[in-house]
Amino acid sequence: HRPIFEAIASGRFRLVGDGRLLHHISAVQDVVTALIACGRTPTAGGQTMNIGSEAVTLGTFVEAVAAASGTTIRRTPYLHHSGILARALFDRSPLLRRSLPSINSALTYHLKESAYALDAAEKWLGPLPRLPLDVAIAATLASYGLMPRS
């Protein structure tokens, strides 16, 4: 996700669509905590589970990164429907996906929900502590050397 953080922090990021799709934006610390819990929980062995932070909308996430880095987000909600149409074309055409992978990736990120059920992890590992979104974003910006503008 470094390119996304860099684009947002530089002010170049443009949110395509309405930003209401859910994404799991997982802090590395949260994933490591869950993996350690897996190792310490014998009944978790062999189980399949999604590990992640609570789902947030893409709009909430990018606005939080922009606020933490002192920038603003450019929104293009009018591209939502044409973006969905373009995604449908990419879904149906292996040639398009191979020819224009960066466009396919961007459309997928903006216009395809990527939130998953976390209930299996909760069932097998119990409740896990999670970093607040603003703390996780600040840590990520710092790790990428993208300190907030003064």
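Quick look at the structure, then. (Residues numbered from 1 in each chain as written. Predicted model: local features only at pLDDT ≥ 70, side-chain atom pairs only at ≥ 80, totals over all residues. Heavy atoms only, no water.)

**Side note on the nonpolar core**
Moving on, step 1. Counting residues in hydrophobic clusters, the biggest one holds 19 residues, and the most contacted among them are Ile8, Phe13, Phe61 and Val62.
Moving on, step 2. Of all the elements in the fold, those that place two or more residues in this core are helix 1 (2-10), helix 3 (58-69) and helix 8 (133-143).
Moving on, step 3. Dropping the residues within four chain positions of it, Phe13 is found in contact with Ile4, Ala7, Ile8, Val62, Ile73, Arg74, Tyr109 and His110.
Moving on, step 4. Ala37, Ala44, Ala121 and Leu125 belong to the second-largest nonpolar core, a separate cluster that totals five residues. (Core = buried A, V, L, I, M, F, W, Y, C linked by side-chain atoms within 4.5 Å. Buried < 20%, exposed > 50% of the residue type's maximum accessible area, 1.4 Å probe, protein only. Helix = DSSP H or I, 4+ residues; strand = E, 2+ residues; numbered from the N terminus. Contact = heavy atoms within 4.5 Å.)

**Description of the side chain of His23**
Moving on, step 1. Inspection of the secondary structure puts His23 in strand 2 (residues 22-24).
Moving on, step 2. By relative accessible area, His23 is classed as buried at 4%.
Moving on, step 3. Beyond its immediate stretch of four places on either side in the chain, His23 contacts Glu54, Ala55, Val56, Leu58, Tyr109, Lys112, Ser114 and Ala115.

**Quick word on the pattern of salt bridges**
Moving on, step 1. Following the criterion strictly, the structure yields four salt bridges and no others.
Moving on, step 2. For Asp18, the salt bridge goes to Arg20, with nearest N and O atoms at 2.8 Å. (Salt bridge = Lys/Arg side-chain N within 4 Å of Asp/Glu carboxyl O.)

**Observations regarding the packing of helix 1 against helix 3**
Moving on, step 1. Taken N-terminus to C-terminus, the directions of helix 1 and helix 3 make an angle of 60°; their axes are 8 Å apart at the nearest point. Taken together, the axes of helix 1 and helix 3 lie oblique to each other. Two packed elements cross with a definite hand, and for helix 1 against helix 3 that hand is right-handed. Contacts between helix 1 and helix 3 pair Ile4, Phe5, Ile8 and Ala9 from the former with Phe61, Val62, Val65, Ala66 and Ser69 from the latter.
Moving on, step 2. When grouped by side-chain class, the residues that make up the contact of helix 1 with helix 3 number eight nonpolar, one polar and no charged. (Axes fitted to C-alpha atoms, helices over the stretch in contact; angles between N-to-C directions. Parallel < 35°, antiparallel > 145°, perpendicular 65-115°, else oblique. Left-handed = near helix turned anticlockwise from the far one by under 90°. Nonpolar A, V, L, I, M, F, W, Y, C, P; charged D, E, K, R; others polar.)

**A word on the packing of helix 3 against helix 8**
Moving on, step 1. In contact at an axis separation of 10 Å, helix 3 and helix 8 are set at 60° when each is read in the N-to-C sense. Relative to helix 8, the element helix 3 lies oblique. Our pair here, helix 3 against helix 8, has a crossing hand that is right-handed. Here Thr60, Phe61, Ala64, Val65, Ala68 and Ser69 of helix 3 lie close against helix 8, whose contacting residues are Leu133, Ile137 and Leu141.
Moving on, step 2. In terms of residue class, the contact of helix 3 with helix 8 is made up of seven nonpolar, two polar and no charged.

**A look at helix 3**
Moving on, step 1. If you check helix 3, its first and last C-alpha atoms are 17 Å apart, about what 12 residues at 1.5 Å a residue would give, namely 16 Å.
Moving on, step 2. Looking one or two residues beyond helix 3, the residue adopting positive phi is Gly70, at roughly 75°. (Expected span 1.5 Å × (residues − 1).)

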